[in-house]
Every structure is written in structure tokens, then in C-alpha cells.
Amino acid sequence: MRILLFTGKGGVGKSTIAAGTAALAAAGGHRTLVLSTDAAHSLADAYGVPVGAEPTQVADRLFVQQVDAQLRFQQSWAEIQGYLLSVLDVAGVDPVAAEELTVIPGAEEVLALLELRLHALSGAWDVVVVDCAPTAETLRLLALPEALGWYMQRVFPAERRIVKALRPVLTRAAGVPMPADDVFDAVERLHAELDEVRQLLSGPGSSVRIVLTPESVVLAEARRSHTTLSLYGYRVDGVVANRVFPAEDADDWRAGWVLAQDEVLAQVEQSFGDLPVWRSVYRPREPIGVEALTALAREVYAGTDPLAPPAGDGPFRVQRTATGAVLHLALPGVSRDDVDLARNGEELVVTVGSYRRLLTLPAGLARFQVAGARVMDGELQVRFRETPAATGPTTETTTDTTDTTDTAGTAGTAERRHG
């Protein structure tokens with residue numbers, strides 16, 4: 001199954017491009033589903049037809065779904081919400097207000113990802129197109145499964161054992177009920193499902209497309225998105241430049257916009273390396289309906305295969321060497337000053353700007369020491385040497401990523417052992 005996610009700054013037309021790509025896939029004979037993780041659903045408006053909470057057929061082999069967050073929330077969150085409501089009831093919170101407080105922020109987007117998992121398991125689709133929320137929300141959403149995984153591995157098991165052993169004492173001491181086993185089971189189930197989603201979306205059949213308009217501010221955000229998506233291990237396979245003014249028969253006002261957009265489009269071509277940059281010309285009217293959207297997508301992709309699988313090994317790979325191994329992590333558009341790197345036990349902590357990833361090292365690397373690191377050609381390269389690390393918890397902090405030698409420590413690497 002091919003999975004395509006479309007994201008971009010709010011207002012750039014990503015829903016239209018996503019809807020058009022899905023329509024073109026269906027026209028090519030593929031069983032296609034397009035769904036939205038954006039709380040402000042626009043797919044029904046784009047196709048010009050009513051769309052329900054279950055897949056709704058809008059054309060031959062083309063189905064659209066706007067996820068019913070309330071229904072999915074009740075199915076996936078019921079046990080956890082029930083426990084939280086009991087706590088708030090003891091605290092004297094009004095029942096209506098309590099129900100609102102137990103709805104986690106971003107729940108609709110999370111539940112849409114769980115819906116994607118169900119569709120992938122069903123085997124009913126050749127192509128699933130996801131109209132994502134605007135960039136910032138998408139990045140937080142795609143980082144969630146791995147962040148929750150860290151909690152589940154490091155904190156959750158001990159927390160569950162303590163609560164189970166001391167539930168009566170803790171309940172009396174805290175004055176509120178402690179979670180029962182069904183609550184812990186629900187959290188574990190939610191984590192397992194989100195982890196499946198992460199594996200699905202970071203796999204070879206999935207990729208992200210960034211939609212932008214030829215404006216400097218929008219391009220700057222698109223560059224950051226490309227970097228951050230790569231940081232979390234998601235493949236970006238192309239960029240769609242939308243609402244490009246045609247140069248033909250332009251009056252003075254439009255000619256000025258054409259020149260301004262040409263400057264930004266030249267920067268777009270330089271900003272995304274070897275990724276294809278598709279262009280969508282500004283139309284005199286909105287493309288609404290399956291036929292108009294299919295025609296739009298045909299022009300955008302201009303004879304190329306919109307469903308071609310992403311090339312290459314993906315953002316993350318490990319290369320064995322004679323003395324150890326090199327971990328490669330694509331970080332397009334960054335310099336060494338943008339990256340902070342540290343090691344904490346079996347984890348590599350990579351920070352780029354305001355985003356941080358706790359990268360659990362493969363078993364083959366976890367026992368090696370960091371020999372150095374550098375950023376070169378938009379890629380973080382961390383070298384490990386085949387020397388067993390000292391016993392006991394170890395933290396290595398790398399602040400300068402310019403090292404090219406095989407001597408640990410020359411990259412500004414400091415090792416602190418805690419007894």
C-alpha cells in the first residue's frame with residue numbers, strides 16, 4: 001500500500017493538492033482513500049459532496065473520509081477518560097467541565113492516525129492520501145509515537161508496578177482513586193497502536209509531500225519542515241509549489257508578482273536538493289469536484305508518476321566500517337551550529353532548533369563509544385568505534401560536530417560517569 005501525507009503552512013492549498021492527487025490515483029485504477037487529520041476538514045468542500053465519518057465513495061475507486069473524532073475517542077480513550085473523570089469527580093469538578101478537561105489536546109489528529117492504521121491493516125486500499133494539519137501540528141503529531149515510546153519503556157513499567165503494589169495506601173494518601181489495570185492496559189494498547197503507525201509512516205511505502213506557495217515566509221517554514229521531518233525519520237519525496245502566477249499575457253501588476261515568485265521559485269529549486277518540485281499554476285477559479293481536481297493533478301505531475309515510491313535508504317541508516325560504524329541521519333539545510341548532540345546510555349539525543357529526538361541506538365551500536373561527529377552535505381554523521389563502553393550509566397555530550405578523526409573526545413565529546 002502506498003501512503004502519501006501532504007502538509008504545509010496553513011492556507012497554501014494542501015487540501016486541494018491532496019484531493020487532486022487522490023483523484024488522479026483513482027483515475028489510474030487504484031483503490032484510493034483520502035482522509036484528513038486536520039480538525040478544519042476541507043475535503044468535503046474540495047470534492048463538493050457530503051462526506052461522512054466512514055469512507056464515502058465520490059467517484060469510481062475513490063473514497064473520502066472525515067474521521068468522527070468523538071466516536072474514535074470513545075473507542076480508544078474510554079477507560080482512560082473514565083479514570084480521569086473519577087479523579088475530577090472526587091476533586092469536585094462539574095461533570096460537564098470534567099468531560100471537556102479529559103479530552104486531550106490534539107486528540108482528533110491522533111485518532112485520525114489510528115484510523116489510518118486500521119485502513120492499512122484492512123488491505124482494502126492501494127493508496128491512502130492523508131491531508132494533514134498545518135505544519136507545526138503535523139510535526140508534533142508525527143513526533144508523538146516515539147516520544148510516548150520513551151515514556152512507556154523507561155517510566156511506565158515501574159509506575160504500573162508501584163501503583164499495583166501500593167494502590168490502597170496511595171489512594172488513602174492522595175485522597176483520589178489510583179488507576180486500575182484496565183487503565184494501564186488502555187495506555188499500553190494506545191502506545192502499541194501509535195508505534196505501529198510510526199513504523200507504517202516511516203516505512204518504504206510512505207512519504208510526505210510539502211505544499212508551499214512562492215513566498216519567502218512560506219519557503220522558510222517549508223525548509224524547517226523538511227529538516228524536522230527528516231530528524232524524526234520520515235521521508236519527504238517532493239515539493240508542490242502551488243498558486244504560481246502564469247507569465248503569459250501578464251499586466252503590470254501580475255508581472256510584478258511573476259518576477260517576485262520567480263525569485264522564490266529559484267530558491268525552492270536550490271533548497272530541496274534532488275527532490276522533484278512540481279508546480280501548480282494559479283487558476284482563475286477554484287478547482288472543485290473530482291473532474292477539476294483530477295485535471296489539476298494531471299497538470300501538476302506533468303506525466304510523472306505521482307505514486308512512485310520514494311528513492312534511497314531513507315533519512316536514517318547505519319554503515320559498518322573497519323573500526324566500528326557510522327550513523328547517518330539526514331538533516332537537510334542545517335549547519336553544525338544548528339545541531340546539538342549528546343549520548344545518554346543507549347540513546348542518542350539530537351536537538352535541532354526547538355525539536356529534539358531521543359534516538360534509541362540499534363543493538364549493534366549501543367555498546368560502542370562515540371568517536372566523533374560532523375554535519376556534512378545536510379547529513380549528521382556520528383562515528384562509533386568498536387571499544388566497549390565503561391560499565392555503569394554513561395553520558396557523552398557532543399557540542400561541536402566537526403570532528404573527522406578516530407579519537408573520541410576531539411569533537412568536543414565529554415564523558416561523565418555517574419556512580
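Please refer to the structure higher up on the page.
Quick caveat: nothing in here was measured; it's all calculated off a predicted structure.

Draft legend 1. Region of interest: the overall build of the protein. Scanning the protein for helices and strands turns up twelve helices and 17 strands. For the protein, buried positions account for 47% of its 419 residues. The contacts of the protein with a sequence gap of at least 6 include a subset with a gap of at least 24, amounting to 69%. Only carbon and sulfur atoms are counted for the fraction: they give 54% of the accessible area of the protein, which is about 19,500 Å².

Draft legend 2. Representation of the sheet that holds strand β4 (residues 62-66) in the model. Ordered by their spatial adjacency, eight strands build an open sheet running β3-β4-β2-β5-β1-β6-β7-β8, and the pairing between neighbours is mixed. Here the strands that pair on one side only, and so sit at the sheet edges, are β3 (56-59) and β8 (277-281). Each neighbouring strand pair of the sheet contributes to a mean axis angle of 25°, computed without reference to strand direction. Sheet topology note: the strand β6 (residues 206-212)/strand β7 (residues 236-244) ladder contains five bridges and is parallel. Across the sheet, the residue bridging to Val211 is Val240, located in β7. Across the sheet, helix α9 (residues 216-231) lies against β6 and β7, angled at about 165° from β6, the strand it touches most.

Draft legend 3. Examining the layout of surface pockets more closely. Of the pockets and cavities examined, the largest pocket occupies roughly 720 Å³. Around the largest pocket, the lining comprises 30 residues; the ones closest to its centre are His226, Val236, Asp274, Leu275 and Ala311. Put simply, the parts of the chain that give the lining of the largest pocket at least two residues each are α9, β7 and β15 (379-385). The class makeup of the residues in the lining of the largest pocket is 14 nonpolar, eight polar and eight charged.

Draft legend 4. Inspection of the sheet that holds strand β10 (residues 324-330) at higher detail. Judged by pairing direction, the sheet is antiparallel, and its four strands sit side by side in the order β9-β10-β15-β14 without closing on themselves. The two strands at the open ends of the sheet, each matched to only one other strand, are β9 (316-320) and β14 (369-376). Neighbouring strand axes in the sheet, compared pairwise and without regard to direction, differ in orientation by 20° on average.

Draft legend 5. Just helix α1 (residues 14-27), in detail. In this model, α1 (14 residues) spans 20 Å end to end at C-alpha, consistent with the 20 Å of a helix rising 1.5 Å per residue. Taking burial as the measure, the 14 residues of α1 include twelve buried ones, the bulk of the element. Residues Lys14, Ser15, Ile17, Ala18, Ala19, Gly20, Thr21, Ala22, Ala23, Leu24, Ala25 and Ala26 constitute the buried set of α1. Gly29 sits one or two residues past α1 and shows a positive phi near 100°.

Draft legend 6. Structural context of the pairing of strand β13 (residues 355-360). In this structure, strand β12 (residues 347-352) lies alongside β13, joined through six bridges in antiparallel fashion. Bridge assignment links Glu347 to a residue of β13, and that residue is Thr360. Hairpin connection from β12 to β13: two residues lie between these consecutive antiparallel strands, with Gly353 at a positive phi of about 60°.

Draft legend 7. Structural view of unusual backbone geometry. Positive phi values are uncommon outside glycine, yet Ala302 reaches one of about 45°. Tracing the chain through its elements places Ala302 in the loop between α11 (290-301) and β9.

Draft legend 8. Representation of the nonpolar core. Counting residues in hydrophobic clusters, the biggest one holds 91 residues, and the most contacted among them are Leu201, Leu212, Leu327, Val350, Leu380 and Val382. For this core, the leading source of residues is α1, giving eight residues. Excluding residues within four positions of it along the chain, Leu201 makes contact with Ile3, Leu5, Leu113, Leu116, Leu142, Ser206 and Tyr234.

Draft legend 9. Focus on the packing of aromatic side chains. Enumeration over the complete set of coordinates arrives at seven aromatic pairs. Taken together, a centroid distance of 5.0 Å and an interplanar angle of 70° make the contact between Trp278 and Tyr301 edge-to-face. Taken as a pair, Trp278 in strand β8 and Tyr301 in helix α11 lie far apart in primary sequence, 23 residues in all. Residue classification places Trp278 among the buried residues on the basis of a relative accessible area of 9%.

Draft legend 10. Spotlight on the pattern of salt bridges. In this structure the tally under the stated criterion is 13 salt bridges. Of the charged contacts in the structure, one is a salt bridge between Asp60 and Arg61, with a shortest N-O distance of 2.8 Å. Judged by relative accessible area, which is 29%, Arg61 ranks as partly exposed. Among the charged side chains, a salt-bridge network with shared partners connects Arg2, Arg209 and Asp237.

Draft legend 11. Seen up close, the packing of α1 against α11. It is the contact of α1 with α11, at a shortest axis distance of 7 Å, that shows an interaxial angle of 90°. In this view, α1 runs roughly perpendicular relative to α11, as classed from their interaxial angle. Where α1 approaches α11, its residues Thr16, Ile17, Ala19, Gly20, Thr21, Ala23, Leu24 and Ala27 are matched on the opposing element by Val290, Leu293, Thr294, Leu296, Ala297, Arg298 and Tyr301. Class assignment for the residues of the contact of α1 with α11 results in ten nonpolar, four polar and one charged.

Draft legend 12. A look at the packing of α9 against helix α10 (residues 252-271). Following both chains from N to C, one finds α9 and α10 inclined at 10°, their axes separated by 10 Å at the closest point. One way to sum up the angle between α9 and α10 is to call them roughly parallel. Along its contact with α9, which presents Ser216, Leu219 and Arg223, the element α10 presents Val264, Gln267, Val268 and Ser271. For the contact of α9 with α10, the residue count by class is three nonpolar, three polar and one charged.

Thresholds, definitions, all that
Residues numbered from 1 in each chain as written. Predicted model: local features only at pLDDT ≥ 70, side-chain atom pairs only at ≥ 80, totals over all residues. Heavy atoms only, no water. Helix = DSSP H or I, 4+ residues; strand = E, 2+ residues; numbered from the N terminus. Buried < 20%, exposed > 50% of the residue type's maximum accessible area, 1.4 Å probe, protein only. Contact = heavy atoms within 4.5 Å. Areas by Shrake-Rupley, 256 points an atom, 1.4 Å probe, with all protein chains shown as cover. Pairing = 2+ DSSP bridges. Axes fitted to C-alpha atoms, helices over the stretch in contact; angles between N-to-C directions. 1 Å grid on protein atoms, 1.4 Å probe; cavity = no way out; pocket = protein on both sides within 12 Å on 5 of 7 lines; lining within 4 Å. Points joined across faces, edges and corners; volume = space filled by probe spheres on them. Nonpolar A, V, L, I, M, F, W, Y, C, P; charged D, E, K, R; others polar. Expected span 1.5 Å × (residues − 1). Core = buried A, V, L, I, M, F, W, Y, C linked by side-chain atoms within 4.5 Å. Phe/Tyr/Trp six-rings, centres within 6.5 Å; stacked < 30°, edge-to-face > 60°. Salt bridge = Lys/Arg side-chain N within 4 Å of Asp/Glu carboxyl O. Parallel < 35°, antiparallel > 145°, perpendicular 65-115°, else oblique.

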